[in-house]
Amino acid sequence: WDFGGQQVFYAMHHIFLTKSGIYILVFDVRELLEPNRKHAALKYLLFWLRSIKLHAPTASLILTGTFLADISERESVSGVDNVLRELVKDSFSQIVTNVNEGLVYFPIDNKEALGIDNLRCVVEEQARDDNSISEQVSIRWMALLDQIHSKRNQSCYLTLSGDIRNLGLEVGIGSSLEQETALALFHERGLLI
C-alpha cells in the first residue's frame, strides 16, 4: 500500500499496517537539514516510526531519504544520519541499516538515479529473508480468496455472517473459525481490508 502522508489520513493508516511486510519510510533529506523545517520533519518521522513499531513490530523498516542530488556535501549525508540515529536510538530494532554506506538510512535521488540500485537490492534481500512469504496456505483458502475477489466487482461490501460464510461453504470451508483464520491471514498479507 502507498498511504497519503497528510495528517488528515492518519486515523485510517492502522487499517493498512500489518505485522508482516517491508515498510519503506520515505522522507525529504532537505527538510532535516533546514532549521525551520527540521522539527516538523522529525515529528512526521517519529509518528510513522511509532505507528509501524506498534502495528508491525517485527517487520523490516527501511528509512529512505529522497532528493540526495539537492544536498551538496558528504557532511550533509552524515548530518542527516546523525539526526536519524539520535531519533531512533535503541527504540527501533527493525530498522534495516545501509551497510554499504555505513548509514541508518538510504539516501536516494529519483531524478539522478542515485542510490536506487542499493535500495532495490536491500528490499529484495529483505523479501527473500521474510519467512512469512513461504508460508503454506490451504488451496481451499486460496479458492475462498478468489471467490471474494470475484464478488468484489458485484458488491463493495461482503458480510461475514452471510456472504463470506456462503462463499466458504462453496469452497469446502465449513468452519467459521477456519474462515475467520483465513480472512485474518488475507488481511495480514494486505489482500483484504
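No experiment lies behind these values; they were computed from the predicted model shown. (Residues numbered from 1 in each chain as written. Predicted model: local features only at pLDDT ≥ 70, side-chain atom pairs only at ≥ 80, totals over all residues. Heavy atoms only, no water.)

(A) Just the nonpolar core, in detail. By size, the foremost hydrophobic cluster in this structure holds 28 residues, and its most contacted members are F27, L32, L49, L63, L84, I95 and Y105. Those elements giving two or more residues to this core turn out to be strand 1 (22–28), helix 2 (29–33), helix 3 (35–55), strand 2 (60–66) and helix 4 (74–88). Here this core gets 6 residues from one element, more than from any other, and that element is helix 4. The residues touching L49, leaving out its near neighbours within four places in the chain, are L25, L61, L63, L87, V88, F92 and I95. Core analysis: the second largest hydrophobic core is formed by 13 residues, W141, I164, V171 and L183 among them. (Core = buried A, V, L, I, M, F, W, Y, C linked by side-chain atoms within 4.5 Å. Buried < 20%, exposed > 50% of the residue type's maximum accessible area, 1.4 Å probe, protein only. Helix = DSSP H or I, 4+ residues; strand = E, 2+ residues; numbered from the N terminus. Contact = heavy atoms within 4.5 Å.)

(B) Broad picture of the packing of aromatic side chains. The full count for this structure, using the stated rule, is 2 aromatic pairs. Look at F27 and Y105: their rings are 5.9 Å apart centre to centre, the planes differ by 50°, and that puts the pair in the tilted class. A residue pair is termed long-range when its members are at least 10 positions apart, and F27 in strand 1 and Y105 in the loop between helix 4 and strand 3 (106–107) qualify at 78 residues. Each member of the pair, F27 together with Y105, is buried. Measuring from centroid to centroid gives 5.3 Å for F47 and W48, while their planes differ by 80°, and the two rings are edge-to-face. Judged by its relative accessible area of 26%, F47 is partly exposed. (Phe/Tyr/Trp six-rings, centres within 6.5 Å; stacked < 30°, edge-to-face > 60°.)

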